[in-house]
Amino acid sequence: MKILGLPILDIAVIFVYFAVVVWIGIRAMKNIKNTEDYFLGGRKFGKAISTFAAFGQATSADSAVTTTTFVSTNGAAGIGMGLINGVAAMPILWMTTMWYRRMRYTSLAEYFEERFGSKKMAGFYALAQTVMFMLVAAVGFVAMSKTIVAIAEKPESALTQVELEERNLALELKTLQDRDFQLLDASERERLEFLSKENPKRSFSYLNQNYLTIGIACLILFCAVIGGLEGAFITEVIQGSFIIILTLMLIPFAMIRINNEYDKTGFMGTFEAFHENLPDAFFKILGSPNVPNFTWYYILAFGVLAALNIAVQANQLTSAGSAKDDETARMGFVTGIFIKRYCYVIWGFVAMMTMLLFSAEVSDADYVWGLATRQLLPSGLVGLMIACLMAALMSTVVALMLTSSALVTNSIYKPLFPRKTEGHYVFAGRIFCGIYFIGAIWVTLSMDDILTLFIFMTGFNSIIAATFWIGMTWRRATKAAAWTSISVTFIFTLALPLLIPLLSGARDNPDLLKYTNGYTVSNTYTAKQVDLDERNTAIEVWDKLDEQGKAEGSRPEPLTMGQSFIKEDYISPKPIFWQNGIEEGDNGELRGQGMLKVELVTLQMAGFDLTKNKHALNETIAFLARIGVPFGLLILISLFTPMEEKRRLDFFYGKIRTPAVSDHAKDAATMEELRKDPTRTDHLKLFPNSNWEFRKWTRADWRGQGIVLIGVAGLALLMYLLVTLGK
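No experiment lies behind these values; they were computed from the predicted model shown. (Residues numbered from 1 in each chain as written. Predicted model: local features only at pLDDT ≥ 70, side-chain atom pairs only at ≥ 80, totals over all residues. Heavy atoms only, no water.)

What the chain contains, in helices and strands, is 26 helices and six strands. Residue burial in the chain is summarised as follows: out of 727 residues, 57% are buried. For the chain, contacts bridging at least 24 residues in sequence account for 83% of all contacts bridging at least 6. Split by element, the accessible area of the chain, about 29,700 Å² in all, is 62% carbon and sulfur. (Helix = DSSP H or I, 4+ residues; strand = E, 2+ residues; numbered from the N terminus. Buried < 20%, exposed > 50% of the residue type's maximum accessible area, 1.4 Å probe, protein only. Contact = heavy atoms within 4.5 Å. Areas by Shrake-Rupley, 256 points an atom, 1.4 Å probe, with all protein chains shown as cover.)

This is the structure in structure tokens:
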């Protein structure tokens with residue numbers, strides 16, 4: 001018996017799993033006595049909890065699904081896209097995690113208040129991070145809901161007539177995309193471009209994605225409000241372990257099926273099937289000419305942007321700040337993130353297998369993970385996978401929600417309503433949790449594309465990143481310069497992209513409805529069985545057209561196995577200025593969807609013809625603008641504005657150079673001594689007579705960076721093996 005396409009056993013597993021999660025939240029609620037308990041778990045966590053807390057916050061329901069989406073649409077470059085920002089950030093995180101713990105804050109907003117002497121800046125940061133975390137939650141909600149919707153997919157016999165018609169269009173598009181573009185006649189090329197813009201669905205589900213999202217959000221909100229951070233972190237230990245186990249479990253099921261379908265044997269058989277049946281371009285880690293989104297320069301620019309922005313995420317301090325001391329914070333946090341990075345490569349391997357098995361069955365890559373779960377795992381484990389994805393989303397969203405609530409409570413609510421009881425502020429924090437969820441659900445229902453959400457989310461912290469990095473390392477950075485950098489970046493990153501589309505005529509303005517030019521890419525391949533099948537089909541089509549007197553060009557030449565041949569792939573035009581693309585209405589009118597890319601509009605107004613650029617180049621230019629403009633403005637204006645108060649800066653930087661210890665009383669006494677003599681740690685500065693606040697590295701710093709580099713080298717080796725084995 002099935003309910004909404006799921007066996008009763010899977011439904012039972014989901015129910016039991018969430019009963020345990022609710023019980024954990026109720027148990028954790030008994031330990032909440034003040035805001036530090038609620039928002040930071042009493043700063044008592046050791047390395048094990050800190051490790052899984054970092055892994056859990058970094059690993060939401062979207063992690064495996066996003067990887068699958070990236071790989072399904074961009075090959076191995078999709079793994080590189082997700083991995084490069086993490087690899088670039090690892091040496092940085094080894095140092096910044098220590099900063100977070102030594103700051104001794106409840107939330108990262110306090111940094112802006114203490115470093116720049118501005119409560120308003122702290123309040124702005126609190127609001128900006130709350131919006132950003134709504135985006136993070138939205139990515140998780142979309143990934144989770146699409147996966148469950150795919151698991152509950154309707155069989156063809158249950159489709160309505162309208163759904164059948166759309167599915168047929170999707171199959172037609174897939175057929176045209178798979179053929180050599182130079183072998184298509186004029187009408188087929190026109191049809192390909194039309195269907196590419198329409199992007200019809202190939203699969204349909206028993207479940208309504210929006211209703212599913214709202215229902216799960218209500219369940220998560222209930223668990224979050226009662227348990228606080230302690231309940232979230234304990235849940236993260238459970239869900240993190242299960243996500244790793246279930247990811248590994250998918251591998252043998254997928255390998256067995258690949259070997260059966262492609263007549264292979266053993267471990268290497270799967271890799272041989274990869275290279276025999278997937279195009280060579282699929283295995284280019286830094287992009288290939290016929291991958292429209294993830295070129296090497298796009299991936300590198302995105303990696304730099306993400307590495308700079310990740311340090312400003314307020315949840316970093318929540319995870320590190322809850323550790324008992326700064327060494328625990330560093331080891332736990334970096335270890336947890338490394339586990340996530342290695343899992344990312346494993347998810348990429350699973351994604352490559354699902355690409356080989358299921359790419360012909362779905363038109364939306366966001367659904368591939370759910371389809372793989374349904375077809376590969378036996379009943380019971382399917383339910384456990386759903387429960388784990390939901391729990392992964394829960395633990396991450398709860399941590400981010402509590403971080404947002406702490407930001408708003410401490411940096412906005414407390415200054416407006418001071419001298420209230422701790423119980424009052426905990427209650428206010430719970431109210432802000434509910435407000436956060438409402439915003440997250442609104443974003444989820446407004447933006448349905450995982451890739452678009454992920455990229456926008458990753459670049460969002462450009463608003464504040466320069467202020468954090470320059471403020472942490474350069475004493476000369478001033479409040480006036482910080483506000484200028486923040487304001488300009490905010491206007492171009494968020495305000496104008498949201499407000500301009502509200503103006504009458506903006507979305508249907510012809511100047512903003514431009515596409516990049518479509519183009520073809522010629523690649524030389526070694527003929528595999530899939531190429532032979534495709535060429536034989538093209539020959540049959542040409543012969544039929546020739547009989548009707550409609551054939552164009554010369555008859556395609558047959559291929560033989562191992563023969564070198566040239567194939568043309570068509571890269572369809574991409575909308576330039578609209579985040580969610582361009583849609584055609586019932587009357588044929590075109591309208592831009594989502595937010596406006598103001599950086600690119602500015603370039604067009606300056607006279608640049610962006611239609612001639614590849615889509616990836618336009619996006620890379622936007623990334624670079626988000627790096628260069630805020631950093632440049634902050635440094636330039638700081639040189640011409642008065643420095644901040646010396647004693648406040650002395651205490652702030654002295655605190656960053658003073659280790660945080662697990663004995664709270666001893667740590668508080670050390671801070672009192674530092675307050676009396678804030679220059680007592682100046683001898684630890686690398687450049688003692690300058691405004692640069694770099695600290696001399698200790699043996700532990702060098703040892704940690706060595707470990708980080710070994711871990712990064714291991715990731716590089718694993719990636720190399722993934723794309724070369726069986727070649």
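Attention now goes to the side chain of Arg-330. Looking at where Arg-330 falls in the secondary structure, it is placed in helix 14 (residues 326-358). Since its relative accessible area comes to 1%, Arg-330 is described here as buried.

For the rest of this paragraph, the subject is helix 19 (residues 462-473). When the terminal C-alpha atoms of helix 19 are compared, their 17 Å separation across twelve residues agrees well with the 16 Å that a helix rising 1.5 Å per residue should span. Those residues of helix 19 not exposed but buried are Ser-462, Ile-463, Ile-464, Ala-465, Ala-466, Thr-467, Phe-468, Trp-469, Ile-470, Gly-471, Met-472 and Thr-473. (Expected span 1.5 Å × (residues − 1).)

We now examine the layout of surface pockets. Within this model, the second largest pocket holds a volume of roughly 370 Å³. Residue lining of the second largest pocket: 19 residues in total, with Met-95, Trp-99, Phe-694, Arg-695 and Trp-697 positioned closest to the centre. Elements supplying a minimum of two residues to the lining of the second largest pocket: helix 5 (76-103), helix 19 and helix 24 (646-656). The element contributing the most residues to the lining of the second largest pocket is helix 5, with six residues. Tallied by class, the residues present in the lining of the second largest pocket amount to twelve nonpolar, three polar and four charged. (1 Å grid on protein atoms, 1.4 Å probe; cavity = no way out; pocket = protein on both sides within 12 Å on 5 of 7 lines; lining within 4 Å. Points joined across faces, edges and corners; volume = space filled by probe spheres on them. Nonpolar A, V, L, I, M, F, W, Y, C, P; charged D, E, K, R; others polar.)

For any pair of aromatic rings, the description rests on two quantities: the centre-to-centre distance and the angle between the ring planes. As enumerated under the stated definition, the model contains 24 aromatic pairs in all. Here Trp-692 and Phe-694 contribute two aromatic rings whose centre-to-centre distance is 5.9 Å and whose plane-to-plane angle is 15°, an arrangement assigned as stacked. Residue classification places Trp-692 among the partly exposed positions, given a relative accessible area of 38%. Note on Phe-694: relative accessible area 37%, which makes it partly exposed. Taking the centre distance of 4.7 Å and the plane angle of 65° together, the rings of Trp-697 and Trp-702 count as edge-to-face. Taken together, Trp-99, Tyr-111, Phe-112, Phe-116, Tyr-125, Phe-468, Trp-469, Phe-652 and Tyr-653 form an aromatic cluster joined through their ring pairs. Positioned above the aromatic ring of Phe-116, the side-chain terminus of Arg-115 is 4.6 Å from the ring centre. (Phe/Tyr/Trp six-rings, centres within 6.5 Å; stacked < 30°, edge-to-face > 60°. Lys NZ or Arg CZ within 6 Å of the ring centre and 35° of its normal.)

Turning next to the packing of helix 7 (residues 119-151) against helix 20 (residues 479-499). Geometrically, a packed helix pair is captured by the angle between its two axes and the distance between the axes. Axis separation between helix 7 and helix 20 bottoms out at 11 Å; the angle between their running directions is 25°. Viewed along their axes, helix 7 and helix 20 adopt a mutual orientation that is roughly parallel. You can see that helix 7 and helix 20 cross each other, and the crossing is left-handed. Here helix 7 contributes Lys-120, Met-121 and Phe-124 to the contact with helix 20, which in turn contributes Lys-479, Ala-482, Trp-483, Ile-486 and Phe-490. Taken together, the residues that form the contact of helix 7 with helix 20 break down as six nonpolar, no polar and two charged. (Axes fitted to C-alpha atoms, helices over the stretch in contact; angles between N-to-C directions. Parallel < 35°, antiparallel > 145°, perpendicular 65-115°, else oblique. Left-handed = near helix turned anticlockwise from the far one by under 90°.)

A contiguous patch of negative charge, built from Glu-198, Asp-508, Glu-583, Glu-584 and Glu-589, is present on the exposed surface. The residue Glu-198 is located in helix 9 (residues 186-198) in this model. (Patch = residues over 30% accessible without salt bridge, like charges linked within 9 Å, V, L, I, M, F, W, Y side chains within 5 Å. Salt bridge = Lys/Arg side-chain N within 4 Å of Asp/Glu carboxyl O. Lys, Arg positive; Asp, Glu negative; His and termini not counted. Charge placed at Lys NZ, Arg CZ, Asp CG, Glu CD.)

Per-residue confidence for the chain gives a mean pLDDT of 79, with 83% of residues at or over 70. Ignoring residues within four places in sequence, the model shows residues 34-43, a span with pLDDT below 50, making 49 contacts including any to other chains. (pLDDT = per-residue confidence, 0-100.)

Here we take up the pairing of strand 4 (residues 564-571). Residues Phe-565, Lys-567, Asp-569 and Ile-571 line the buried face of strand 4, whereas the alternating positions Ser-564, Ile-566, Glu-568 and Tyr-570 sit on a face that is not buried. Of the strand pairs in this sheet, strand 3 (residues 519-526) and strand 4 are connected by eight bridges, and their pairing is antiparallel. Looking at strand 4, one finds that Tyr-519 is bridged to Ile-571. (Pairing = 2+ DSSP bridges.)

Residues Ile-635, Leu-636, Leu-639 and Phe-640 make up a contiguous nonpolar surface patch of roughly 430 Å² in combined accessible area. Summarising the element assignment, Phe-640 is placed in the loop between helix 23 (615-638) and helix 24. Among the residues examined, Phe-640 registers a relative accessible area of 67% and is labelled exposed.

Here the focus is the pattern of salt bridges. Applying the stated criterion across every chain, the model contains 20 salt bridges. The residue Glu-645 makes a salt bridge to Arg-648 at a minimum N-O spacing of 3.7 Å. Counted as one network, the salt bridges with shared partners bring together Arg-475, Lys-646, Asp-650, Arg-657, Asp-682, Lys-685 and Glu-693.

Below, the discussion takes up the packing of helix 14 against helix 15 (residues 368-376). At a minimum axis distance of 10 Å, the contact between helix 14 and helix 15 shows a crossing angle of 75°. Considered as vectors, helix 14 and helix 15 are oriented roughly perpendicular to each other. Two secondary-structure elements touch here, helix 14 through Trp-347, Val-350, Thr-354, Leu-357 and Phe-358 and helix 15 through Val-368, Trp-369, Leu-371, Ala-372, Gln-375 and Leu-376. For the contact of helix 14 with helix 15, the class distribution of residues is nine nonpolar, two polar and no charged.

The next subject is helix 14. For an α-helix, 3.6 residues make a turn, and residues three or four places apart therefore share a direction. Across its 33 residues, helix 14 extends 46 Å between first and last C-alpha, which sits within 8% of the 48 Å expected from 1.5 Å per residue. Counted residue by residue, helix 14 has 27 buried out of 33 residues, so it is predominantly covered. Its side-chain oxygen 3.3 Å from the backbone nitrogen of Glu-327, Asp-325 forms the N-cap of helix 14. (Polar contact = N/O pair within 3.5 Å; in protein donor to acceptor, adjacent residues only side chain to side chain.)

Moving on, we come to the nonpolar core. If you look at the biggest cluster of nonpolar residues, it comprises 150 residues, and the most contacted ones within it are Met-103, Tyr-111, Phe-274 and Phe-468. For Phe-468, the residues in contact, after removing those within four places along its chain, are Trp-99, Tyr-100, Met-103, Leu-108, Tyr-111, Ala-311 and Val-312. (Core = buried A, V, L, I, M, F, W, Y, C linked by side-chain atoms within 4.5 Å.)

Our next topic: the environment of Leu-248. Its place among the elements puts Leu-248 in helix 10 (residues 209-261). A sequence separation of 98 residues divides Leu-248 from Ile-346, and the C-alpha atoms of the two residues are 7.9 Å apart.

With that settled, consider unusual backbone geometry. Unlike most non-glycine residues, Asp-263 shows phi in positive territory, near 55°. Checked against the element boundaries, Asp-263 lands in the loop between helix 10 and helix 11 (266-277). A positive phi is found at Arg-419, a non-glycine position, where the angle reads about 60°. Structurally, Arg-419 can be placed in the loop between helix 16 (381-416) and helix 17 (422-446). Overall, the relative accessible area of 79% leaves Arg-419 in the exposed class.

A few words on the side chain of Asp-325. The residue Asp-325 is located in the loop between helix 13 (314-321) and helix 14 in this model. Side-chain polar atoms of Asp-325 contact the backbone nitrogen of Glu-327, separated by 3.3 Å. Those residues in contact with Asp-325 that lie beyond four places of it in its chain are Arg-101, Ala-660, Val-661 and Ser-662.

Okay, the environment of Ile-151 next. Here Ile-151 lies in helix 7. Spatially, the C-alpha atom of Ile-151 lies 8.1 Å from that of Ser-205, the residues being 54 residues apart in sequence.

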